[in-house]
Amino acid sequence: MLQALMNLLSLCWRPLEGNDNNNNNNRVNNNPRGGGDFVRDGLVWSKDIGRCSSGEFSMAVVQANQVLEDQSQIESGPPFGTFVGVYDGHGGPEAARYVCDHLFRHFRDVSSEGRGVVTAESIERAFLETERGFTALVSDMWNTRPNLATVGSCCLVGVISQQTLFVANLGDSRVVLGKKVGNTGGIAAIQLSTEHNANLEEVRHELKELHPNDPQIVVQKHGVWRVKGIIQVSRSIGDVYMKHAQYNREPIQAKFRLCEPMNMPILTATPSILCHPLQPNDSFLIFASDGLWEHLSNENAVDIVQRHPHAGSAKRLVKAALQEAARKREMRYSDLRRIDQRVRRHFHDDITVVVLFLNHDLISRGIMQEPPLSLRSALEHR
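The following paragraphs examine the structure supplied in this document.

What counts, and at which threshold
Residues numbered from 1 in each chain as written. Predicted model: local features only at pLDDT ≥ 70, side-chain atom pairs only at ≥ 80, totals over all residues. Heavy atoms only, no water. Helix = DSSP H or I, 4+ residues; strand = E, 2+ residues; numbered from the N terminus. Buried < 20%, exposed > 50% of the residue type's maximum accessible area, 1.4 Å probe, protein only. Contact = heavy atoms within 4.5 Å. Areas by Shrake-Rupley, 256 points an atom, 1.4 Å probe, with all protein chains shown as cover. Pairing = 2+ DSSP bridges. Expected span 1.5 Å × (residues − 1). Bend = angle between axes of the 7 residues up to and from the residue. Axes fitted to C-alpha atoms, helices over the stretch in contact; angles between N-to-C directions. Parallel < 35°, antiparallel > 145°, perpendicular 65-115°, else oblique. Left-handed = near helix turned anticlockwise from the far one by under 90°. Nonpolar A, V, L, I, M, F, W, Y, C, P; charged D, E, K, R; others polar. Phe/Tyr/Trp six-rings, centres within 6.5 Å; stacked < 30°, edge-to-face > 60°.

With that settled, the discussion passes to the overall build of the chain. When helices and strands are counted, the chain shows 11 helices and 17 strands. Each of the 382 residues in the chain was classed as buried or not, and the buried ones make up 55%. A separation of at least 24 residues holds for 69% of the contacts in the chain among residues at least 6 apart in sequence. As displayed, the chain has an accessible area near 17,200 Å², and 48% of this comes from carbon and sulfur atoms.

Looking now at the pairing of strand E12 (residues 224-227). Note: strand E11 (residues 218-221) against E12, 4 bridges, orientation antiparallel. When the sheet's bridge partners are listed, Lys221 is paired in E12 with Val224. Turn length for the E11-E12 hairpin, with the two strands adjacent in sequence and antiparallel, is 2 residues, and the turn residue His222 shows positive phi of about 55°.

Assignment of secondary structure puts Ser122 in helix H4 (residues 120-141). Beyond its immediate chain neighbours, meaning those up to four positions away, Ser122 contacts Val110, Ser111 and Val117.

Once that is clear, we can look at unusual backbone geometry. Here Glu250 and Pro251 are connected by a cis peptide whose omega angle stands at 15°. Among the secondary structure elements, Pro251 is positioned in the loop between strand E13 (237-238) and strand E14 (272-277). Backbone geometry places Gln162, a non-glycine residue, at a positive phi of 55°. Within the chain, Lys228 stands out as a residue other than glycine whose phi angle is a positive 55°. Here Lys228 shows up in the loop between E12 and E13.

We now examine helix H3 (residues 94-113). Here H3 contains 20 residues, and its C-alpha end-to-end distance of 29 Å stays within 8% of the 28 Å for a straight helix at 1.5 Å per residue. Taken as a whole, H3 carries its principal kink of about 30° at Cys100. Looking only at H3, the buried set comprises Ala95, Ala96, Arg97, Tyr98, Val99, Cys100, Leu103, Phe104, Phe107, Val110 and Ser111. On its buried side, H3 packs onto strand E5 (70-77), strand E6 (81-90), H4, strand E7 (152-161), E13 and strand E17 (373-376). Of the residues one or two after H3, Arg115 is the one with positive phi, at around 55°.

Turning our eyes to something else, we now look at the environment of Val219. Checked against the element boundaries, Val219 lands in strand E11. If we ignore the near neighbours within four places in the chain, the residues touching Val219 are Val224, Trp225, Arg226 and Gly229.

Bringing the packing of helix H7 (residues 298-306) against helix H8 (residues 313-328) into the picture now. Between two packed helices, both the angle of their axes relative to each other and the distance between the axes serve to describe the pair. Running from N to C, H7 and H8 cross one another at 140°; their axes reach a closest spacing of 9 Å. Taken together, the axes of H7 and H8 are oblique relative to one another. Where H7 crosses over H8, the handedness of that crossing is right-handed. Each of Ala301, Ile304 and Val305 in H7 lies in contact with H8, whose residues at this interface are Ser313, Arg316, Leu317 and Ala320. Residue composition of the contact of H7 with H8, grouped by class: 5 nonpolar, 1 polar and 1 charged.

The residue Trp225 is located in strand E12 in this model. Trp225 gets classed as partly exposed once you look at its relative accessible area, which sits at 23%. Taking C-alpha positions, Trp225 is 5.4 Å from Ala198, a pair spaced 27 residues apart along the chain. Not counting the four nearest positions on each side in its chain, Trp225 is found in contact with Ala198, Asn199, Arg204, Val218, Val219, Gln220 and Gln232.

What follows covers the packing of aromatic side chains. On inspection of all chains with the given rule, the structure shows 9 aromatic pairs. Aromatic side chains Phe104 and Phe107 sit 6.2 Å apart centroid to centroid with 40° between the ring planes, which places their arrangement in the tilted category. On the criterion of helical spacing, the pair formed by Phe104 and Phe107 is a turn pair, its members being 3 residues apart in helix H3. With a centroid separation of 5.1 Å and 70° between ring planes, the pair formed by Tyr241 and Phe256 is classed as edge-to-face. Pair noted here: Tyr241 is in the loop between E13 and E14 and Phe256 is in the loop between E13 and E14, with a separation of 15 residues, a long-range link. Given the relative accessible area of 2%, Tyr241 is considered buried. The rings of Phe80, Phe83, Phe104 and Phe107 are connected pair by pair, giving a single aromatic cluster.

So, to be careful, I would describe these as geometric facts and stop short of saying anything about function.
Following this line, the structure appears as structure tokens:
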């Protein structure tokens, strides 16, 4: 039965153009600015280990959608410290790519106005500037590409500056801290990000409070709660069809158009922001799109990182998630590897993982890596 389904799905799609070239070339040089090469191992592109001003890091990405909708980056250097971004697109890749191109630039510009001092307000300004820019792009392209109004991206950002970790989030990506527990050798998993997904009761409550006169602000369909019965996340960059009435009309597809007038934005681009003073027993951070957390618990992920060497940590997490996705379908991981990229979305999502191992000596002394690091994980895996 399962094999028949796989065969049927495979017939629906042709392999991606250029995909064979990637199969024959296991190394992807996707960043000439000093990030180093990504290596392909089966389904996964990864950078096993690298160094930034806050310690070592590991990155990995696996593609499931017809076009990869995840993007991510690490930026490190004076005067701000370390910036990690994971951008999980939906409806297409354009919003996530736009965020990867512009969010850090806005953050850098805003921070420079404050002489490199990072605050929650400066991070929020960078998010809102990015939102304004993408909305302007939608306006410019409305007559030729109206569907751009229905594209959006979750955004998870971590900034380490002056021995403080700032976490800003829109949507349902997640960052989890691995924290040493005394002298026991154990390690606790602590979720630092606030998620904005209508399947969470607190998010539904927030939406109902913001829209008290709209009994259809959240609707359950096929066991899944969605905002206006359409989208799961309540905060994002993009999705301007749910924020500005002038874009919620023809010629966008009927499934995105609301029946009643939009009197106020339904979604928002204002992030939840946490400020966490770093402690010596804070060991590592796992930043990941929701494709990872769909299959691994916080505790499972922290345990996998803790039990192995730093090198290859992100790749191990991605593979563990894929193995679990295969197990849920009563498949082997080797079966999953043979499924075409376009078809694989029926089994798992795009997954992006960044693991950052904290070096408190570097962080406390404010030592910056030279030259500055600028690395993007996925821009060429299309």
